[in-house]
Amino acid sequence: MFDNFELEMIDTEGGPIRLRHGGSGPPLLLIHGHPRSHMTWGQVADLLSADFRIVCPDLPGFGRSYIPADDPESRFSSKRAKAAALVEVMKGLGHDTFFVAGHDRGSLVAFRMAMDHSDLVRKLITVDGLPVIEHLERADWKFARDWYHWFFFAQPEKPERAILADPMAWYSALRPDEMGREAYDELVSLIHDPAVVHGMIEDYRAGVRIDHRHDRDDRDAGRKVRCPMLCLWSLDDDLEQIYGDPIAIWKHWADDVGGFGIKSGHHVAEENPAALAAAFKAFLQKQFRSPLRQLPDRLKLA
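Chemist: Quick question: what am I supposed to make of the pairing of strand β5 (residues 98-103) here?
Modeler: Successive side chains on a regular strand alternate, one facing one side of the sheet and the next facing the other. The element β5 is extensively covered by neighbouring structure, given that six of its six residues are classed as buried. Burial along β5 is two-sided: the residues Phe-98, Val-100 and Gly-102 and Phe-99, Ala-101 and His-103 are all buried. Inspection of the sheet shows strand β3 (residues 27-31) paired to β5 by four bridges, in the parallel sense. Pairing of Ile-31 across the sheet is with Gly-102, part of β5. Of the strand pairs in this sheet, β5 and strand β6 (residues 121-127) are connected by six bridges, and their pairing is parallel. When the sheet's bridge partners are listed, Ala-101 is paired in β6 with Ile-125. For the crossover that starts at β5, traverses helix α3 (residues 105-116) and ends in the parallel β6, the hand is right-handed.

Here it is in C-alpha cells:
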C-alpha cells in the first residue's frame, strides 16, 4: 500500500501531524475514522494516485499525530479544531484548494471543513456519516442499542479504563486479512497506547459537548455546504437502517448532494476499496448524477 508515497510529520499550531502523500493531479484529502489511522486508505490511495495528489493524515488524537490538549468542552478535539489543523497541513503542502473525503468520524471533520472553509473545499465526500446534531437529535432506542458507545465514550475516565483493560477484546473485529498486515500491526500498537486511546475518546466527547453546537449555529443561520457533495454509505452497515435515506437528511445541509450505497461493511476502504475508489473518481472528475442511487443493488458499484 501507498506505493511511491512519502511518509512525514508536518508541524501545525496544535502539534505535529503524521501523513502520507503521493500521486499526481488535483489534491484530494482523505480523512479516516475511529479507531483507524491514515493506513486505512492504503488500497484506495493506490487506486487513485494516478489521477489525484493524495494526502492521508492521521487525525489529531489518532494514529501518531498530536494528542489535543484536554479542555472541559473538548474544544481542542472539536471537529472545527481538527478541520483547521488539516487546512493548515494542506496549505503547508501548497494546496490552496482541494477535494476532501471523510469516513466515519473523519466525515464529521470533512463536513466541518466544508462549512468553515468553503473557499478552499472544491467538493465534499462523506462516507458513513451525518452531521453530529443529526445523530443526536434522531437518537432512538435503535441508536442506543447499536451505537451506545457514543454516550459511554462521553463519560469521564471510564471509557479509557474499559478499553485499556483489554484493547483486543474491545476492538475484536480487527482483521489483518482485510486491513493488511502493516496497518493491522500498527493499529494493535495504537489501541494499547493510553495517550492515543484518550485522544480517540475525546473525539466523541467533543461531539456531545461542542460539535453539535457548531452544527446548530450553522443550521440556525441557514448556512449550508456550498460545494458539490457526494454521500456514500455501506449497505451492510446500519446507517440507512437506523436513519432511512441519508440523502434526504443531507439535503438539509447541502443544496447539491447525491449519493448511493456501496456493498460493504462499515470499513469500506478496506473491505471494498475498488468500489469506493471508483465512486470517488466518478464524482470528482465530473458532476455527479444522483439517478445512480436509484439503480438496483446488483448494478451498483460492488
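Chemist: What's the story with the environment of Phe-2 in this structure? I'm lost.
Modeler: Its place among the elements puts Phe-2 in the segment before β1 (6-11). Sequence separation of Phe-2 and Gly-42 is 40 residues, and the distance between their C-alpha atoms is 5.4 Å. The contact partners of Phe-2, leaving out residues within four places of it in the chain, are Arg-20, His-38, Met-39, Trp-41, Gly-42, Ala-45, Asp-46 and Cys-56.

Chemist: I tried to follow the packing of aromatic side chains on my own but got confused; where do I start?
Modeler: A complete count under the given rule lists 16 aromatic pairs for this structure. Ring geometry for Trp-150 versus Tyr-204: centroids 6.1 Å apart, planes at 80°, classification edge-to-face. A residue pair is termed long-range when its members are at least 10 positions apart, and Trp-150 in helix α6 (residues 149-152) and Tyr-204 in helix α11 (residues 194-221) qualify at 54 residues. Each member of the pair, Trp-150 as well as Tyr-204, carries the same accessibility label: buried. A connected cluster of aromatic rings, assembled from ring pairs, spans Phe-143, Trp-147, Trp-150, Phe-151, Phe-152, Phe-153, Trp-170, Tyr-204 and Tyr-243. Against the face of Trp-150 rests Arg-105, its NZ or CZ located 5.0 Å from the ring centre. Note that Arg-105 overlies the ring of Tyr-204, its terminal NZ or CZ placed 3.8 Å from the centroid.

Chemist: Before we go on, may I ask you to explain the packing of helix α7 (residues 158-165) against α11 in this structure?
Modeler: Any two packed helices are characterised by the angle at which their axes cross and by the distance between the axes. Orientation of α7 relative to α11, taken along the N-to-C sense of each, is 135°, at an axis distance of 10 Å. Looking at the two axes, α7 sits oblique to α11. Two packed elements cross with a definite hand, and for α7 against α11 that hand is right-handed. Residues Pro-159, Glu-160, Ile-163 and Leu-164 of α7 touch α11, and the partners they reach there are Pro-194, Val-197, His-198, Ile-201 and Arg-205. Here the contact of α7 with α11 is built from residues that sort into six nonpolar, one polar and two charged.

Chemist: Would you mind showing me how to read the nonpolar core here?
Modeler: Side chains of nonpolar character tend, in soluble globular proteins, to be buried together. Met-113, Leu-232, Leu-276 and Phe-280 are the most contacted members of the largest nonpolar core, which totals 92 residues. Excluding its chain neighbours within four sequence positions, the residues that come into contact with Leu-276 are Trp-41, Val-44, Val-127, Leu-232, Ile-262, Val-268 and Ala-269.

Chemist: What exactly am I supposed to notice about the packing of α3 against α11 here?
Modeler: Contact pair α3 / α11: the axes reach a minimum separation of 12 Å and the direction vectors enclose 30°. It follows that α3 is roughly parallel to α11 by the angle criterion. α3 and α11 meet at a crossing whose hand is left-handed. Where α3 abuts α11, its residues Arg-105, Phe-111, Arg-112 and Met-115 lie against Asp-203, Tyr-204, His-214, Asp-215 and Asp-218. Broken down by class, the residue content of the contact of α3 with α11 amounts to three nonpolar, one polar and five charged.

Chemist: I'm lost on the state of the cysteines in this one. Help?
Modeler: By definition, a disulfide links the sulfur atoms of two cysteine residues through a covalent bond. In this structure the tally under the stated criterion is zero disulfides. Between Cys-56, a free cysteine, and Cys-227, which holds the nearest cysteine sulfur, the sulfur-to-sulfur gap is 19 Å.

Chemist: Explain the sheet that holds β5 here, please?
Modeler: Strand pairing in a sheet takes place through backbone hydrogen bonds and is either antiparallel or parallel in direction. Reading across from one edge, β1-β2-β4-β3-β5-β6-β7-β8 is the order of the eight strands in this open sheet, with mixed pairing throughout. Sheet topology places β1 and β8 (257-262) at the edges, where each strand pairs with a single neighbour. This sheet shows a mean twist of 20° between the axes of neighbouring strands, independent of strand direction. Two strands pair when backbone bridges link them, and strand β7 (residues 229-234) and β8 are joined in this way by six bridges, in the parallel orientation. Paired with Leu-232 across the strands is Phe-260, a residue of β8. Contacts between α3 and the sheet are confined to β3, β5 and β6, with β5 contributing the most and set at about 145° to the helix. Packing against the sheet, helix α15 (residues 273-285) makes contact with β3, β5, β6, β7 and β8, and its axis sits at approximately 150° to β6.

Chemist: Would you mind showing me how to read unusual backbone geometry here?
Modeler: Most peptide bonds adopt trans geometry, and most residues besides glycine take a negative phi value. The amide bond that connects His-34 to the next residue, Pro-35, takes the cis arrangement and shows omega of -5°. With a phi close to 55°, Asp-128 is a non-glycine residue in the positive phi region. Within the secondary structure, Asp-128 is located in the loop between β6 and α4 (132-137). Backbone geometry at Glu-157 places phi at a positive 70°, although glycine is not the residue there. Here Glu-157 is to be found in the loop between α6 and α7. Looking at Glu-157, the relative accessible area reads 57%, which means it is exposed.

So, how was this worked out
- Within each chain, residue numbers correspond to sequence positions counted from 1 in written order.
- With the structure being a predicted model, the display of local features is reserved for residues of pLDDT at least 70 and the display and counting of side-chain atom pairs for 80 or more, all residues being used for whole-chain, interface and lining totals.
- Derived side-chain values reflect all non-hydrogen atoms in the structure, with water molecules and hydrogen atoms excluded from consideration.
- Relative accessibility under 20% of the residue-type maximum defines a buried residue, over 50% an exposed one, and the middle range a partly exposed one, all with a 1.4 Å probe and only protein chains included.
- Note on conventions: DSSP H or I runs of at least 4 residues are helices, E runs of at least 2 residues are strands, and numbering of each starts at the N terminus.
- The pairing criterion is simple: DSSP has to find at least two bridges between the two strands.
- Seen with the strands pointing away from the viewer, any crossover whose path from the first strand over the helix to the second strand runs clockwise is right-handed.
- Working rule for contacts: check all heavy atoms of both residues, and any pair within 4.5 Å makes them a contact.
- Any pair of Phe, Tyr and Trp rings, taking the six-membered ring for Trp, is counted once the centres come within 6.5 Å. Such a pair is stacked with planes under 30 degrees apart, edge-to-face with planes over 60 apart, and tilted for the rest.
- Two conditions define a charge sitting above a ring: the NZ of Lys or the CZ of Arg must be within 6 Å of the ring centre, and it must be within 35 degrees of the ring normal.
- Angles shown run from 0 to 180 degrees and are taken between the N-to-C directions of axes, each axis being a line fitted to C-alpha atoms and, for helices, limited to the stretch in contact.
- Roughly parallel means an angle under 35 degrees; roughly antiparallel, over 145; roughly perpendicular, 65 to 115; everything else is oblique.
- A clockwise turn of the near helix away from the far one marks a right-handed crossing, whereas an anticlockwise turn of less than a right angle marks a left-handed crossing.
- In this count, Pro and Cys sit with the nonpolar residues alongside Ala, Val, Leu, Ile, Met, Phe, Trp and Tyr, while Asp, Glu, Lys and Arg are called charged and the others, Gly among them, polar.
- By convention a nonpolar core is built from buried Ala, Val, Leu, Ile, Met, Phe, Trp, Tyr and Cys residues, the set being connected through side-chain atoms within 4.5 Å.
- Cysteine sulfur atoms are paired as a disulfide whenever they come within 2.5 Å of each other.

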